[in-house]
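Fold and contact review
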Amino acid sequence: MTRMLLIDTALRLLSAGQLMLIALVIGRGRAPRPIRWATVLLLLSVAAYLADVAPVIDMRSMRIWPVVQLGSQSSPLALWVFAHLIFERRIDRRLLAIAIAITLACWINFLAAV
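Rules used throughout
Position numbers for residues start from 1 in each chain and track the written sequence from start to end. The predicted origin of the model limits local features to residues at a pLDDT of at least 70 and limits the giving and counting of side-chain atom pairs to 80 or more, whereas totals for whole chains, interfaces and linings rest on all residues. Side-chain metrics rest on all non-hydrogen atoms present in the structure, leaving aside hydrogens and water. Only Phe, Tyr and Trp rings take part, Trp by its six-membered ring, and two of them pair if their centres are within 6.5 Å. Stacked means planes under 30 degrees apart, edge-to-face means over 60, and tilted covers everything else. Each helix is a run of DSSP H or I of at least 4 residues and each strand a run of E of at least 2, with the numbering of both proceeding from the N terminus. Each residue is assigned to one of three classes by its accessible area relative to the maximum for its type, calculated with a 1.4 Å probe on protein chains only: buried under 20%, partly exposed between the two thresholds, exposed over 50%. For this analysis, a salt bridge means a side-chain nitrogen from Lys or Arg found within 4 Å of a carboxyl oxygen belonging to Asp or Glu.

Notes on the packing of aromatic side chains
For any two aromatic rings, the description comes down to two numbers: the centre-to-centre distance and the angle of the planes. Scanning the entire structure with this criterion turns up one aromatic pair. Considering the side-chain rings of Trp65 and Phe110, the 5.9 Å spacing of their centres and the 45° angle between planes classify their relative orientation as tilted. Of the two residues, Trp65 sits in helix α3 (residues 65-73) while Phe110 sits in helix α5 (residues 93-113), which places them 45 residues apart along the sequence. By relative accessible area, which is 7% here, Trp65 ends up buried. A relative accessible area of 31% means that Phe110 is categorised as partly exposed.

Points about the pattern of salt bridges
According to the stated counting rule, one finds three salt bridges in the structure shown. Its salt-bridge partner being Arg12, residue Asp8 comes within 2.8 Å of it at the nearest N-O pair. Of the two residues, Asp8 and Arg12 are both situated in helix α1 (residues 3-27); the distance of four residues between them amounts to about one turn of the helix. For Arg12, a relative accessible area of 24% translates into the label partly exposed.

Keep in mind that these numbers describe shape and distance, not what the molecule does.
This is how it looks when you write it as structure tokens:
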């Protein structure tokens, strides 16, 4: 491995750790509960994405890889929920159920292909 790949992986994992720490602080904060949990979900899914795309670590050989992959693929959904809650817009439950179903279907399809 080249030195740049190691530096890249170290920075990604450091950023993922910082995101998890920020998620912990926000989760224990005093913001309204729905906004807190949407923010925590968004930060954790972005941290999962950063860990999943680290070039040196082969996540597929680890037992936690399916969970990290699901978190990584849930980033757009988490961003959508976060944006609705932060701007105080009501989330349509049918759209949320469809979005969760599509995310899970993509995840299952991805795991079956690998």
